[in-house]
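Tertiary structure, described
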Amino acid sequence: MSIADLAAEVRAGKTKAADLVEKSLQAIKDKAEYNAIIVTLDDAARARAAAVDKDPKGRLAGVPFIAKDNFLVFGAETTAASNILKGFTAPYQSTAIEKLEAEGAICVAKANLDAFAHGSSTENSDFFTTLNPHDKTKVPGGSSGGSAAAVMLDLAPFALGSDTGGSIRLPASFCGAVGLKPTYGLVSRSGVVAMASSTDVIGPLTRTVEDAALVLDVMAGQDPLDSTTIERQEDYTVQPTPLKGKKVGIITEYMADGLQPGVRAQIDKAIQTLKDQGAEITEVSLPTLPLGLAVYYVLCPAEVSSNLSRYDGQRYGFTSGGAKDLDASFKESRSIGFGKEAKRRIMIGTYVLSSGYYDAYYKKAQIVRTKLINEFKAAFKEHDFLLGPTCATTAFAVGANADDPLQMYLTDIMTVAVNLAGIPAISIPAGVSSDDQMPVGLQLMAAQKHDKELLDFAAALETELQK
Amino acid sequence: MQMADLTRDDVLKLAQLARLQLTDQEVQEFSGELTAILHYVEQLQNVDVSGLKPTNQVNGLINVMREDTEVDYGYAPHELLNNVPKTQDNQIEVKRMVG
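Note that the coordinates shown come from a computational prediction; the quantities given were computed from them, not determined experimentally. (Residues numbered from 1 in each chain as written. Chains lettered and ligands numbered in written order. Predicted model: local features only at pLDDT ≥ 70, side-chain atom pairs only at ≥ 80, totals over all residues.)

Turning our attention to the overall build of chain B. Secondary structure summary: chain B contains three helices and two strands in total. Put simply, chain B runs from its N terminus to its C terminus through helices and strands in the order α-α-α-β-β. Against the 2.2 N^0.38 benchmark of 13 Å for 99 residues, chain B shows a C-alpha radius of gyration of 23 Å, more extended than a compact globule. For chain B, the C-alpha atoms occupy an extent of roughly 55 × 45 × 25 Å along the three principal directions. Residue burial in chain B is summarised as follows: out of 99 residues, 18% are buried. (Helix = DSSP H or I, 4+ residues; strand = E, 2+ residues; numbered from the N terminus. Rg over C-alpha atoms; globule rule 2.2 N^0.38 Å. Buried ≥ 20, exposed ≤ 12 C-beta atoms within 10 Å, placed from the backbone.)

All right, on to the overall build of chain A then. A count of helical and extended segments in chain A gives 15 helices and eleven strands. Here the C-alpha atoms of chain A give a radius of gyration of 21 Å, agreeing with the 23 Å that 2.2 N^0.38 yields for 467 residues. Taken over the C-alpha atoms alone, chain A extends approximately 70 × 65 × 45 Å along its principal axes.

A word on the interface of chain B and chain A. Contacts between the two partners involve 45 residues from chain B, matched on the other side by 57 residues from chain A. Secondary-structure elements contributing two or more residues to the side of chain B that touches chain A are α1 (8-17), α2 (24-41) and α3 (77-81) of chain B. Among the elements that line the side of chain B that touches chain A, the one with the most residues is α2 of chain B, at seven residues. (Contact = placed C-beta atoms within 7 Å.)

Moving on, we come to helix α8 (residues 261-276) of chain A. Residues and elements named next belong to chain A. Its 16 residues give α8 an end-to-end C-alpha distance of 22 Å, which sits within 8% of 22 Å, the value for a rise of 1.5 Å per residue. Of the positions making up α8, those classed as buried are Val263, Gln266, Ile267, Ala270 and Leu274. Taken around the axis of α8, the buried residues stretch over an arc of 95 degrees, which confines them to a single face. Exposed positions of α8 whose direction lies more than 90 degrees from the buried face are Pro261, Gln272 and Asp276. Within two residues after α8, glycine 278 carries a phi angle of roughly 90 degrees, on the positive side. (Expected span 1.5 Å × (residues − 1). Arc of directions from axis to C-beta.)

Moving on: unusual backbone geometry. With the exception of glycine, the majority of residues adopt a negative phi angle, and the majority of peptide bonds are in the trans configuration. Along the chain, glycine 142 of chain A connects to serine 143 of chain A via a cis peptide bond; the corresponding omega equals 10 degrees. Even without being a glycine, phenylalanine 116 of chain A presents a positive backbone phi close to 55 degrees. Position of phenylalanine 116 of chain A among the secondary structure elements: in the loop between β3 (106-111) and α5 (145-152). Phi at asparagine 90 of chain B takes a positive value of approximately 65 degrees, unusual for a residue other than glycine. With respect to the element layout, asparagine 90 of chain B can be found in the loop between β1 (87-88) and β2 (91-92).

What follows is about the sheet that holds strand β8 (residues 280-284) of chain A. Residues and elements named next belong to chain A. Spatially, eleven strands are ordered β1-β3-β2-β4-β6-β5-β10-β11-β9-β7-β8 in an open sheet, and the strand pairing comes out mixed. The sheet is open, and its two edges are formed by β1 (37-40) and β8, each paired on a single side. The sheet shows a mean angle of 30 degrees between the axes of neighbouring strands, taken without regard to direction. (Pairing = 2+ DSSP bridges. Axes fitted to C-alpha atoms, helices over the stretch in contact; angles between N-to-C directions.)

Time to look at the confidence of the model for chain B. Residues and elements named next belong to chain B. Summary statistics for chain B give a mean pLDDT of 91 and a share of 95% for residues scoring 70 or more. α1 holds the highest mean pLDDT among the elements of chain B, 96, whereas α3 holds the lowest, 87. The complex prediction reports pTM at 0.97, with the ipTM value standing at 0.94. (pLDDT = per-residue confidence, 0-100.)

Let's shift gears to the packing of helix α7 (residues 209-219) of chain A against helix α15 (residues 451-465) of chain A. Residue and element names in this part refer to chain A. Packing of α7 against α15 brings their axes to within 9 Å, and their N-to-C directions diverge by 160 degrees. By the angle class used here, α7 and α15 are roughly antiparallel. The two elements α7 and α15 meet at a crossing, and its hand is left-handed. Together, Val209, Glu210, Ala213 and Leu216 of α7 and Asp451, Leu455, Ala458, Ala459 and Glu462 of α15 make up the contact between the two elements. (Parallel < 35°, antiparallel > 145°, perpendicular 65-115°, else oblique. Left-handed = near helix turned anticlockwise from the far one by under 90°.)

A separate point is the nonpolar core. Of all hydrophobic cores here, the largest spans 175 residues; its most connected members are Phe65, Ala150, Val295 and Val298 of chain A. Those residues in contact with valine 298 of chain A that sit more than four places away from it in its chain are Val352, Tyr361, Tyr362 and Ala365 of chain A together with Val41 of chain B. (Core = buried A, V, L, I, M, F, W, Y, C linked by C-beta atoms within 7 Å.)

Right, let's talk about the pairing of strand β6 (residues 201-206) of chain A for a bit. Residues and elements named next belong to chain A. Among the six residues in β6, six count as buried, and that is most of the element. Bridge analysis of strand β4 (residues 158-163) against β6 gives five bridges, and the strand direction is antiparallel. By the bridge assignment, leucine 160 is partnered in β6 with proline 204. In this structure, strand β5 (residues 178-181) lies alongside β6, joined through two bridges in antiparallel fashion. Across the sheet, the residue bridging to valine 178 is threonine 206, located in β6.

Residue and element names in this part refer to chain A. Mapped onto the elements, glycine 166 comes out in the loop between β4 and α6 (169-175). For the pair glycine 166 and alanine 417, spaced 251 residues apart in sequence, the C-alpha separation works out to 9.0 Å. Contact partners of glycine 166, with chain neighbours within four places excluded, come to Asp412, Thr415 and Val416.

Attention now goes to the packing of α1 of chain B against α2 of chain B. Residue and element names in this part refer to chain B. The contact between α1 and α2 brings their axes to 9 Å, and the two run at 105 degrees. In terms of their interaxial angle, α1 and α2 are classed as roughly perpendicular. Here Arg8, Val11 and Leu12 of α1 lie close against α2, whose contacting residues are Val27, Phe30 and Ser31. Each residue belonging to the contact of α1 with α2 can be placed in one class, and the counts come to four nonpolar, one polar and one charged. (Nonpolar A, V, L, I, M, F, W, Y, C, P; charged D, E, K, R; others polar.)

Residue and element names in this part refer to chain A. Take valine 73: it is sitting in the loop between β2 (64-68) and α4 (95-102). Judged by local crowding, valine 73 falls into the buried class, with 24 C-beta atoms found within 10 Å. Residues valine 73 and alanine 90, 17 residues apart in the sequence, show an inter-C-alpha distance of 6.3 Å. With sequence-adjacent residues up to four places away left out, valine 73 is seen in contact with Ala67, Thr78, Ala90, Gln93, Ile97, Cys107 and Lys110.

Below you can see the structure in the form of structure tokens.
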């Protein structure tokens, strides 16, 4: 049942919010071995359900959801899956949560992630690794791996994630979910733990494009608490649209060697479906795309090192008790509190921002970013949408990239460019790979602020792919 | 500009700048890993970017201002102080900074 229909049943009194919350909490218990969830909000969720049942209203009336644990939510700790934030209780809620609650949605749990959203597998969580719902020996992708797994394990009808370099789309692809990364600035990030501020966006993980569009419709819009937010379009909910005549560019660089055969076969099938429906398919080359990952792994650590400097052990979070002076207290608190990947990114960021290297690394990356953006703009003059895989592979085995951070970073090579350009993109399921029977994700992109068109198009293609 | 491999001293200097205290094992691991990552991103050095300017912000917003008035964010100081490791008289207590 769609989220809209579920909320309609609650509003009509046919379904009780309290029952939906109990069902979610029970499913979380039953599927605990997947480690998708860090903490449940039993009391807060039950209290909210009782309030909703007394006066059922709102477009998401009584619909349970799960927030990635980098969203500030009342009723439980917010840890970003990091030891340094263990015990942190949010004094205010993120705007996204406020907007969802205003429409009757109920947050039942916080999902696991790579600590501070640094990673592609959830293996960088300081607590535990989430397992893929389709195969427990595989990772769910990351960093919103707990959120993607939660949706596919039916722990709740939708989950929230954040996407800085692919962290919504990659786990959606690995788990067979829909993952939407909106235009930069379309959804307020107030109350979400900052990672790389020039690319961070938040968005939904769902089972269908229709559900993702509804959740976006509730969350989108300007917010005085986030000065990077932009004006919204009137309505993001999905309307039927023909695929016929849509100009779709297949990204040459993303279809090059290195795609797993089973992934390529599924993407080719989707392209054939579009052709059969009368879409105009052409190849499009963006020569700077392969450099996107190098740009990202300069800019992202630079911003991370700056954003994580606030974790100093003095104002909140973990503090080392025995330090002899203030400087030692900073160092000890950060060294014990941060995991390895956070330290790694802080160190790279510190390096590329340091005197003597700033121009060669940081500034150069910002200029190559401009080049990439120009290529996207040119591509969207000729095409309504761009298409490629979300990832060259299906979900990899737990531990496969554990000793090689650079190899782990390469997982993001097809997702980061979208963040650098600030454009919207969505990963939708494109069947399973014949190599390993694991889900394949199809990535669709549109020009900035064309989220509505992207969602309508993705929904129409999703319908055809399911036939 | 060809960058050299990161030495042990380079790593220790970065750690000091970032206020991190690394174990010997971390220093050793990081010098190898960071060198590999920096070599990977060095491919940017050879890109022709003549005539292009750096991008700082992607969605076209410039200088977003708000009214210079009092704003009620809906939480009290004591709620913020609840998360502070050590307080004294409603203030954040830290180790001595100046001798």
